[in-house]
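Residues per chain are reported as follows:
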Amino acid sequence: MLNGNIRVVVLPPPSSHHRHIHQRQVLETATPSSSRMRPGGGGGGDNGNGGTGSGTRELVARWRVPMHGKVYEIEFEHGTTSGKRVLWIDKEEIFRRDWMFKLVGEDMFKLEDKRCIIRVDPLPGFKYSYSLFVDGKSYEQFTESQAKALKTWEVNLGDNFYRIVLEKNTLNIYVNGKLIEENGEFVEGGTDNTFIEDGNTFVLRARASGNKREGIVHSLVVNGAVVGDSADSDNSATDANDDE
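Residue positions are given per chain, counting from 1 as you read along its sequence in written order. Only residues with pLDDT of at least 70 get local features here, since the model is predicted, and only at 80 or more are side-chain atom pairs given and counted; chain-wide, interface and lining totals rely on the full set of residues. Working from all heavy atoms in the structure, the side-chain values ignore hydrogens and water.

1. So, the sheet that holds strand 16 (residues 200-208)
As a reminder, the rule being used: Between any two strands, at least two bridges found by DSSP are needed for them to pair. Secondary structure elements are defined from DSSP: runs of H or I of at least 4 residues count as helices, runs of E of at least 2 residues count as strands, and each element is numbered from the N terminus. For helices, the axis comes from a line fit to the C-alpha atoms of the stretch in contact; other axes are also lines fit to C-alpha atoms, and the angle between any two N-to-C directions lies between 0 and 180 degrees.
The strand order across the open sheet built from five strands is 14-15-16-17-18, with neighbouring strands paired in antiparallel fashion. Only two strands of the sheet have a single neighbouring strand rather than two, namely strand 14 (183-187) and strand 18 (225-227). Direction aside, neighbouring strands of the sheet carry axes that sit 30° apart on average. The pairing of strand 15 (residues 190-197) with strand 16 spans eight bridges and is antiparallel. Residue Phe195 lies in a different strand from strand 16, and its bridge partner there is Phe202.

2. Some remarks on the nonpolar core
To keep it simple, the criterion reads: We define a nonpolar core as any set of buried Ala, Val, Leu, Ile, Met, Phe, Trp, Tyr and Cys residues linked to one another through side-chain atoms lying within 4.5 Å. Buried, partly exposed and exposed residues are distinguished by accessible area as a fraction of the type maximum, computed with a 1.4 Å probe on protein chains only: under 20%, between the cut-offs, and over 50%, respectively.
Core analysis: the largest hydrophobic core is formed by 23 residues, its most contacted members being Trp63, Val65, Ile74 and Leu132. The set of elements that each furnish at least two residues to this core consists of strand 2 (59-67), strand 3 (70-78), strand 4 (85-89), strand 6 (105-111), strand 7 (114-123), strand 8 (127-134) and helix 2 (139-149). Among the elements that line this core, the one with the most residues is strand 2, at five residues. Tyr162, Ile173, Phe202 and Leu204 belong to the second-largest nonpolar core, a separate cluster that totals 14 residues.

3. Describing the pairing of strand 16
Counting the residues between successive antiparallel strands, the hairpin from strand 15 to strand 16 contains two residues, one of them, Asp198, with a positive phi of roughly 55°. Relative to strand 17 (residues 216-222), strand 16 is paired through seven bridges, and the arrangement is antiparallel. If you follow Arg207 over to strand 17, its bridge partner there is Val217.

4. Regarding the sheet that holds strand 10 (residues 150-157)
For sheets, the rule is that strands pair by backbone hydrogen bonds, running either parallel or antiparallel. Taking strand neighbours across the sheet as the criterion, the four strands line up as 10-11-12-13 in an open arrangement whose pairing is antiparallel. For this open sheet the edge positions go to strand 10 and strand 13 (178-179), each flanked by a neighbour on one side alone. Across eight bridges, strand 10 lies against strand 11 (residues 160-167) in antiparallel orientation. The residue bridging Val155 from the neighbouring strand is Tyr162, located in strand 11.

5. Brief notes about the confidence of the model for the protein
We apply this condition: pLDDT measures the predictor's confidence residue by residue and takes values from 0 up to 100. Contacts between residues were defined by any pair of non-hydrogen atoms, one from each residue, lying within 4.5 Å.
Per-residue confidence for the protein gives a mean pLDDT of 77, with 72% of residues at or over 70. The least confident element of the protein, judged by mean pLDDT, is helix 1 (residues 16-27) at 34; the most confident is strand 9 (residues 137-138) at 97. Of the regions scoring below 50 in pLDDT, residues 1-54 engages in 102 contacts with residues more than four places distant in sequence or in other chains. Ignoring residues within four places in sequence, the model shows residues 232-244, a span with pLDDT below 50, making 36 contacts including any to other chains.

6. Some details on the environment of Asp98
The condition that has to hold: Any N or O atom pair separated by 3.5 Å or less is treated as a polar contact, with the protein-specific requirement of one donor-capable and one acceptor-capable atom, and with residues adjacent in sequence counted only for side-chain atom pairs.
Relative to the helices and strands, Asp98 resides in the loop between strand 5 (92-97) and strand 6. Residue Asp98 is classed as partly exposed on the basis of its relative accessible area of 35%. Residues in contact with Asp98, not counting those within four places in the same chain, are Ser82 and Lys84. One polar contact links Asp98 to Arg96, side chain to side chain, over a distance of 3.4 Å.

Okay, structure coming up:
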């Protein structure tokens, strides 16, 4: 039995101001390319979705990769205290390495039939850069080549959204990431490929431009109206904190 008075000191919880500062330290990130960087030491508690802890993810990089009619969102976590690395593709956890002695290095994974590598490189001042390579090309080179090989249209019809992608080299047509079968026919000056979705008639036209440099011109007609093609806004690398 203890004699004498015992003094208990209750510490107040951290203020919302300090919680906010800590959260920004955890989520302060670098862009996926080596042009920007993340300060080190930002991850005091290495918690992630699917693991233990509060469930906050320490995202340091995010890429959007167009491939075969889809746009994959790739997210990468890096705990600079434990070396933890977690890869997410379209919000699904692909791999998790909770404790790693080396804070830098490469991680390989497959995206459909393409070999991909995420590389973590050190920078001065306990900072890191994060780079994605797809099929042997840097992220920037790959998305640039995809922009030349693909033509994309986005259409809203009532409550339905359609993302139509034409692969110019194969002439495959994808609707919302799914390869479809179309009815093709030769017409004056080119071809028309017709397909039906939810009662809506889509016609993908190919016409000779008459200009050798421009080549074949592709256009989309939906229910009799011409649809403008979409800008390549999907093919972007973003700071992981931009959408938080």
